[in-house]
Structure formats: C-alpha cells, structure tokens
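# Structural description and commentary
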Amino acid sequence: MLKIRKATDKDYPEVLEILEKLDLYYSTLEPEDFFVAEKEDKIVGCVQLQKHKDFLFLGSLATIEEERNSGVARALLKSLTKGDSPPIYLYTIIPEFFEKFGFKASSSHPNLPSKNQYECTYCDPNQCVCMVKYPHAA
C-alpha cells in the first residue's frame, strides 16, 4: 500500500538520490519542502512543494524507475491538492503529463522562482512551460 507523508530529515539522503538520478537535483533544495511516497517502507517517489504568500510552487516530482506508471505521481499530486489549497504553479518540459492532473498552461506569476535556479542539465529554460492548477480543478 502506498503511503504519502511529509518527508523527514532522515529521508533527505534517499530523496536526493532519487532526484540526482533523474537530473532533478539543484543546489537550492530545502528538505522541509518535500513529501514522499512510501511503499513497503521504501521511498518510491517524492515531490517538492514550496509555500509562497498566495500560491504553492511544485519544484520536483520524481518516481523511481521500477514504480513508473503505477500511480505514484498521481497519488503525490492528489495529496497536494486536497481541500482549499492555493493555486499550484510549476515549470515543466512535459506539459502533457501535468495536463492529465488538471494543470493548465499559464502566464508566469510575478513571484515565481526564476527558471534559471533549477540548473537542469538537459533543459533550456526557454523550453519550460509555466503551468497552474487552481483549487478544486479536475
């Protein structure tokens, strides 16, 4: 059974390992911003969610390779959008993936973090799409 919970300091080395394998690591990551998906006491996915004044920012969403297409990402995203959350913004080069979860292309919010801070090896910041999901959106 999959369990979604707030990450602890003890989880952070495993979270970093997952992110590094997927080129989702960057130097400004904060351990307290992460949630993890756990299956049989093993972390199988994680997501970073930064709180800002009037929105949330999803900075990283990762699933270990052997758990891809098993609903881990869906469970992580669903857990973040419960209740009356503020809008959730993200940058992505795979907008079609996030569209399945109710995110829509958006003009950038004026207070979003700079795309350049993410240090993506294989990503040109100009290719990234800003997306948003509003509370109670499909």
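Okay, so let's go over this structure. (Residues numbered from 1 in each chain as written. Predicted model: local features only at pLDDT ≥ 70, side-chain atom pairs only at ≥ 80, totals over all residues. Heavy atoms only, no water.)

## A short note on the packing of aromatic side chains
- All told, the structure shown has six aromatic pairs when counted by the stated rule.
- Here the aromatic rings of F57 and Y91 are separated by 5.3 Å at their centres, their planes lie at 65 degrees, and the arrangement is edge-to-face. Separated by 34 residues along the polypeptide, F57 in strand 4 (residues 56-63) and Y91 in strand 5 (residues 88-92) bring together distant segments of the chain.
- Under the relative-accessibility criterion, Y91 is labelled buried at 17%.
- Its end group placed over the ring of F35, K6 keeps NZ or CZ at 4.8 Å from the ring centre. (Phe/Tyr/Trp six-rings, centres within 6.5 Å; stacked < 30°, edge-to-face > 60°. Helix = DSSP H or I, 4+ residues; strand = E, 2+ residues; numbered from the N terminus. Buried < 20%, exposed > 50% of the residue type's maximum accessible area, 1.4 Å probe, protein only. Lys NZ or Arg CZ within 6 Å of the ring centre and 35° of its normal.)

## Digging into the layout of surface pockets
- Taken as a whole, the second largest pocket holds about 210 Å³ of empty space.
- Around the second largest pocket, the lining residues are E14, E17, I18, K21, L22, K42, I43, T63, I64, E65, E66 and R68.
- Among the elements of the structure, helix 1 (12-21) and strand 3 (42-51) are those that each provide at least two residues to the lining of the second largest pocket.
- Ranked by residues supplied to the lining of the second largest pocket, first place goes to helix 1 with four residues.
- For the lining of the second largest pocket, the residue count by class is four nonpolar, one polar and seven charged. (1 Å grid on protein atoms, 1.4 Å probe; cavity = no way out; pocket = protein on both sides within 12 Å on 5 of 7 lines; lining within 4 Å. Points joined across faces, edges and corners; volume = space filled by probe spheres on them. Nonpolar A, V, L, I, M, F, W, Y, C, P; charged D, E, K, R; others polar.)

## Brief notes about the nonpolar core
- Counting 32 residues, the largest nonpolar core has F34, C46, L58, L61 and F103 as its most contacted members.
- For this core, the secondary-structure elements that each account for two or more residues are helix 1, strand 2 (34-39), strand 3, strand 4, helix 2 (72-80) and strand 5.
- Excluding its chain neighbours within four sequence positions, the residues that come into contact with C46 are V15, I18, L19, F34, F35, V36, S60, L61, A62 and L76. (Core = buried A, V, L, I, M, F, W, Y, C linked by side-chain atoms within 4.5 Å. Contact = heavy atoms within 4.5 Å.)

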